[in-house]
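If you want the building blocks of each chain, they are given just below.
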Amino acid sequence: MKTSPRWRQAVVWLHIVSSVTWMSQAAGLMVLMVVALTSPGRAPAATSMAEVLDSVVLAPMANVAIFTGLLLAGATAWGYFRHWWVLTKFVLTVVQFYGGIFLLSPRLHDVAAGAATVTWSQVAGTALMASALAFQAWLSVTKPWKKTPWSPAAKPLTAPTWVFVAGIGAAAADVTAGILLGFPMPAFELIMLIVLLAFERRRRRRRAQRPSARSPRSAPAASHPTA
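Residues numbered from 1 in each chain as written. Predicted model: local features only at pLDDT ≥ 70, side-chain atom pairs only at ≥ 80, totals over all residues. Heavy atoms only, no water.

Across its full length, the chain carries six helices and zero strands. Starting at the N terminus, the α and β elements of the chain follow one another as α-α-α-α-α-α. The burial tally for the chain puts 36% of its 227 residues in the buried class. Restricting to contacts in the chain with at least 6 residues of sequence separation, those with at least 24 account for 79%. Summed over its atoms, the accessible surface of the chain is roughly 14,000 Å², and 69% of this surface lies on carbon and sulfur atoms. (Helix = DSSP H or I, 4+ residues; strand = E, 2+ residues; numbered from the N terminus. Buried < 20%, exposed > 50% of the residue type's maximum accessible area, 1.4 Å probe, protein only. Contact = heavy atoms within 4.5 Å. Areas by Shrake-Rupley, 256 points an atom, 1.4 Å probe, with all protein chains shown as cover.)

Compared with the 48 Å implied by 1.5 Å per residue over 33 residues, the 45 Å span of helix 2 (residues 43–75) between its first and last C-alpha is a close match. Approximately 40° is the largest bend angle found in helix 2, and it occurs at D54. (Expected span 1.5 Å × (residues − 1). Bend = angle between axes of the 7 residues up to and from the residue.)

This paragraph deals with the packing of helix 1 (residues 5–38) against helix 2. Close contact between helix 1 and helix 2 brings their axes to 8 Å; oriented N to C, the two are set at 155°. The angle between the axes of helix 1 and helix 2 places the two elements in the roughly antiparallel class. Pair helix 1 / helix 2 crosses with left-handed handedness. (Axes fitted to C-alpha atoms, helices over the stretch in contact; angles between N-to-C directions. Parallel < 35°, antiparallel > 145°, perpendicular 65-115°, else oblique. Left-handed = near helix turned anticlockwise from the far one by under 90°.)

One finds W22, F67, L71, A75 and V163 to be the most contacted residues of the largest nonpolar core, which totals 44 residues. The element best represented in this core is helix 2, accounting for 15 residues. Excluding its chain neighbours within four sequence positions, the residues that come into contact with F67 are G167, A170, A171, E189, M192 and L193. (Core = buried A, V, L, I, M, F, W, Y, C linked by side-chain atoms within 4.5 Å.)

Here's what the structure looks like:
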């Protein structure tokens, strides 16, 4: 099964665009919350705009960035746990994602509804999110450090073209569904990741069943003993 470099590069491009959008929107949220703290007269407008940016732009792009990153790691030779820089990005992404879901977004919703006020801890949280994304961009460019101790000796093969095509389709479908429903819902992306993991497991099992080397040639027959 061959891999089209164009489709793989398209997923890389989508990952870069969504990650940069996620980072820029996190920086935008930080600026809006600083405005709400320092200019009480502009606080209602700033907090309302921050909530719109968070739900309409930041959250969908965060979903796409995370999904395409996991897709590229699982569908290429980089893997999830073969390199320290990939593993570091994975850990930071999980922390940022769940921190935004359970800490920043609910608090921002309460602020926009008038049930709470903006605090400096929210400003610090969005600043940390933007800084962590910038650090992840540096990791992707420089690819520092060595391989992890549990890195397999055999280099994983790149997935076939249909994996990257389906990945782009899943991201587009989830963004469209999020716009229509009014909230992000990475359903197709999650299904695609499950399919990818199952495909990779099946492919590794088939590779393990194949003989790693040719069977040794049979030894030459011993000469008959002389009488």
